[in-house]
Every structure is written in C-alpha cells, then in structure tokens.
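Architecture at a glance
Here are the chains, one letter per residue:
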Amino acid sequence: MLEELNRLEEEALKALETAEDEEALDQWYRAYLGRKGAVTRMVRSVGTLPKEERPAFGRRANEVKQALEAAYADRRETVRRMALARALEEGAVDVTLPGRPVVRGRLHPATRTLREIYAIFADMGFQVYRSRDVETDEYNFQLLNMPPHHPARDMWDTFYTTQEGVLLRTHTSPGQIHAMREFAPEPVRVILPGMCYRYEQITARSEIQFHQVEGLAVGRNITMTDLKGTLAEFARRMFGPERKMRFRCSHFPFTEPSVEVDIDCILCEGRGCPVCKHTGWLEILGAGMVHPVVLRNGGYDPDVYSGFAFGMGPERITMLKYGIQDIRYFWGNDLRFLEQF
Ligand code: DAH
C-alpha cells in the first residue's frame, strides 16, 4: 500500500509538469485530489488496512496530499505567469514602427483668393454681404438699368429657369440692390462675394460657373477719387507695391462713368508676352460710379448720395497671380492641380 502511495505521488508530480493551461490543471486536480481522485480514494481506503499499518499509512497519505496540494498551487502560479508572458509577446506593439502620415486637407485656390480679398477690404471697412444665387430678371437686369430688350443684356448669356422671370445670377451686381434696400438711407460699404453662372461655351478663359466679388460704397460726397484710391490700395496689397495700374474708359449700364482696371503684366512686367497678349496689361476688374437710376432703385436720392461699385473675378485673379493657363482647372476636381496650393 505504501509503495503504491509513493508511486502515485511520483506519477502525479510528473503529470503536473505537463499541465500547460487552466484546463489541464483542473483535469489533473480532478484526477488526483478531487472527490473521486486517486489520492482521495487511497486515503479513504485506510480502513481496509490491518490496524497496525494504519497510522503510518495515514501520516504518509496526508503528507502526499499536502505535497500535491502545494505542487498544484505552485504549478498554477507558473501556468498563470506563462500565459501572461505569452499574451504580452503575442500582443506586442512595435513602437519603433514609423506612424502613418496624417493627410491634411487644404483650401481650394479660389477660397484662398476670396479670403485674401475679404481681408484686404475688411481693412478698408468693407463688410461681407451675402446675396442669393437664384435671382429674378428684375434684380439681375432691370433694377441695374437694363430693361427688357436692352442690348447690354447680350453681355451676359443667361441660364433661365422654367419659372418665368427666375434665373441664375450672371453677376454679383444684383446684390447691390439687395444691400442698398436693406441699408438705405444709411451709408453702405460692402463686398458681395458669390458664385455666378453663365450659359457660355466652356473654354480656357470662360466657365459656366465662377466667383465674383462685387464692391459697393454709397454715401455723401463719394467721388471717383475714392474709387481709384480704394482699388489702388487693393491692387497694391493683392499684387505687390511694384504693380502699375491703369483705368480705361468702358461701359456698364449700372455705372456712369464706367471704367475697366488693368495692372501691368505680372509675368513680363509690361514688356509684352502671350499672357497679356503682348499689350503689357492685364484686366482685373470693372468699376464705376453707381448710376443715378440704380441709386434711386436702391432707395437713395441721387441728388444727395453718390457711390462707387466694382466687380472682379477671383479665379481670374488667381490665374494671373500663379500663371494658371486654364480656368477649367478650378472646378475640374483634379488633385494634381489642387495639391499645388
Ligand atoms: N457685373 C459686371 C460683370 O459681371 C462687373 C462689374 C462692372 C461690376 C462694373 C460692377 C461695376 O459693380 O461697377 O461683368
């Protein structure tokens, strides 16, 4: 009996060494120390021994039981540590691996130019005034001194809607009327940025949609000098102090007198090149003194009030600044173009 007990202890200890996880440990425990385990059964069988052998066997059986319990607790701890080590190794993060670059977005070149324009005019006291993209014939043309059938309407090929008299604005000038009607008879000093739409063939120089920034100042004693000073300051900030500026006589139905404003060519500095079509000058905007009819339509008495207005295309200005040859790049959504800004 005692020998068998010793053999059992040896076997149990050996088996314990091979238990690599919780499940194997539980199984081992059930096999030897559980209620029906081999050791437990042997301890219980003490009653079948002759009386004189019982104390020695009993002592030894208890020793074995305790030794196995201790070995089991030890092994359990070892297995736990092994599992932890394995988990750490498997879940290891290589902190020396370089991170993935964060791709940062950027502003569209037209947006950048718009914001530059806002900043320059903000410094001269002009507020941004938003006006609608969908307009009426009345605001886009009539109130700007172009009655139905006026030949000047030919300058703006127009997208009409199926609703009579409703169209997509061809320029930001109708915003002038909205602003004046809101502020009259107070003085006005606003810029009106926004998308404009024209039913035109798309070419390198013309798109069916593009931005404009309109400017309007109305008050007492506003003269052509104020217009020239304001635009000269704008050109100086936008294109640099070395740029020259010239005012050419022109015609717009909503201004009198009307001008077009050029700067000397950025690329050839006035000597003449393909970009300026060998004239040495680049047109940047149209402007003039607000026509008395338009002032009256806006709610101002032209005998008391006067004003100036101007309109420019930020995409055109961006093209001049960066030497972009084709206006279609702006809304073509080609990343190769957009990522250059
Ligand atoms: N609205 C004109 C256009 O689209 C540009 C323009 C010219 C605006 C003269 C003005 C102005 O305010 O005074 O061609």
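Note on numbering: residues in each chain are counted from 1, in written sequence order. In keeping with the model being predicted, local features are shown solely for residues with a pLDDT of at least 70 and side-chain atom pairs are shown and tallied solely at 80 or more, while totals for entire chains, interfaces and linings include all residues. Calculation of side-chain values draws on the structure's entire complement of heavy atoms; hydrogens and water are dropped beforehand.

1. Let's talk about the overall build of the protein chain
Spelled out, the test is: Only DSSP runs of H or I reaching four residues or more are called helices, and only runs of E reaching two or more are called strands; each is numbered from the N terminus. When we talk radius of gyration, it's over C-alpha atoms, and the globule rule is simply 2.2 Å times the number of residues to the 0.38. In this analysis, two residues are considered to be in contact whenever any of their non-hydrogen atoms come within 4.5 Å of each other. Residues scored as positive are Lys and Arg, those scored as negative are Asp and Glu, and His as well as the terminal groups of each chain are ignored. Charge positions are represented by NZ for Lys, CZ for Arg, CG for Asp and CD for Glu.
From N to C terminus, the protein chain includes 11 helices and nine strands. For 341 residues, the compact-globule estimate of 2.2 N^0.38 gives 20 Å, and the protein chain exceeds it by more than 25% at 45 Å. Across the protein chain, the fraction of contacts at a sequence separation of at least 24, relative to all contacts at a separation of at least 6, is 67%. With 45 positive and 49 negative side-chain charges, the protein chain shows a separation of 2 Å between the mean positions of the two kinds.

2. Thoughts on the pattern of salt bridges
Selection rule: Just to be clear on terms, a salt bridge is a Lys or Arg side-chain nitrogen sitting within 4 Å of an Asp or Glu carboxyl oxygen. For every residue, the accessible area (1.4 Å probe, protein chains only) is compared with the maximum for its type, and the residue is labelled buried under 20%, exposed over 50%, or partly exposed between those bounds.
According to the stated counting rule, one finds 21 salt bridges in the structure shown. For Arg-243, the salt bridge goes to Glu-242, with nearest N and O atoms at 3.8 Å. Classification of Glu-242 by relative accessible area gives exposed; the value is 52%. For Arg-243, a relative accessible area of 13% translates into the label buried. Residues joined in a network through salt bridges with shared partners are Glu-242, Arg-243, Asp-264 and Glu-269.

3. Some thoughts on the nonpolar core
Applied cut-off: In this text, buried Ala, Val, Leu, Ile, Met, Phe, Trp, Tyr and Cys residues form a nonpolar core when linked through side-chain atoms within 4.5 Å.
Among the nonpolar cores identified, the biggest contains 33 residues, and Phe-121, Phe-234, Leu-285, Phe-308, Phe-310 and Met-312 are the most heavily contacted of them. Every element with two or more residues in this core is listed here: helix 5 (109–123), strand 5 (209–219), helix 8 (224–239), strand 7 (255–264), strand 8 (281–290), strand 9 (306–312) and helix 10 (314–322). Considering every element that reaches this core, the biggest residue donor is helix 8, with six residues. In contact with Leu-285, other than residues within four places in its own chain, are Leu-231, Val-259, Glu-260, Val-261, Phe-310, Gly-311 and Met-312. Core analysis: the second largest hydrophobic core is formed by 25 residues, Leu-143, Val-188, Val-290 and Tyr-305 among them.

4. Structural notes on the site of the ligand
Our working rule: Being near a molecule or strand, for a residue, means having at least one of its heavy atoms within 4 Å of it. Side-chain atoms alone can form a polar contact between residues adjacent in sequence; in general such a contact is a pair of N or O atoms within 3.5 Å, and within protein one must be able to donate a hydrogen while the other accepts it. All accessible-area figures derive from a Shrake-Rupley calculation using a 1.4 Å probe, and residue coverage is judged against the displayed protein chains alone.
Close to the ligand lie 16 residues, the nearest being His-171, Ser-173, Arg-198, Gln-212 and Glu-214. His-171 places a side-chain nitrogen or oxygen 2.9 Å from a nitrogen atom of the ligand. Between Ser-173 and the ligand, the recorded distance is 2.9 Å, taken from a side-chain N or O atom to a nitrogen atom. Considering the ligand on its own, with 360 Å² of exposed area, one finds that the protein chains cover 92% of that surface. If you list the elements that add at least two residues to the shell around the ligand, you get strand 5, strand 8 and strand 9.

5. Some words on the packing of helix 5 against helix 8
To be explicit about the condition: In this analysis an axis means a line fitted to C-alpha atoms, helices contributing only their contacting stretch, and an angle means the value between N-to-C directions, from 0 to 180 degrees. In what follows, roughly perpendicular refers to angles from 65 to 115 degrees, roughly parallel to angles under 35, roughly antiparallel to angles over 145, and oblique to any angle outside these ranges. Definitions for this section: a left-handed crossing has its near helix turned counterclockwise from the far helix by less than a right angle. A right-handed crossing has that turn clockwise. In this classification, the charged set is Asp, Glu, Lys and Arg, the nonpolar set is Ala, Val, Leu, Ile, Met, Phe, Trp, Tyr, Cys and Pro, and all remaining amino acids, among them Gly, are polar.
Relative orientation of the contacting elements helix 5 and helix 8 amounts to 135°, with a least axis distance of 10 Å. Regarding the angle of helix 5 to helix 8, the classification is oblique. Where helix 5 crosses over helix 8, the handedness of that crossing is right-handed. Of the residues in helix 8, those touching helix 5 at Thr-113, Glu-116, Ile-117, Ala-119, Ile-120, Phe-121 and Asp-123 are Thr-230, Phe-234, Arg-237 and Met-238. Residue classes in the contact of helix 5 with helix 8 are distributed as six nonpolar, two polar and three charged.

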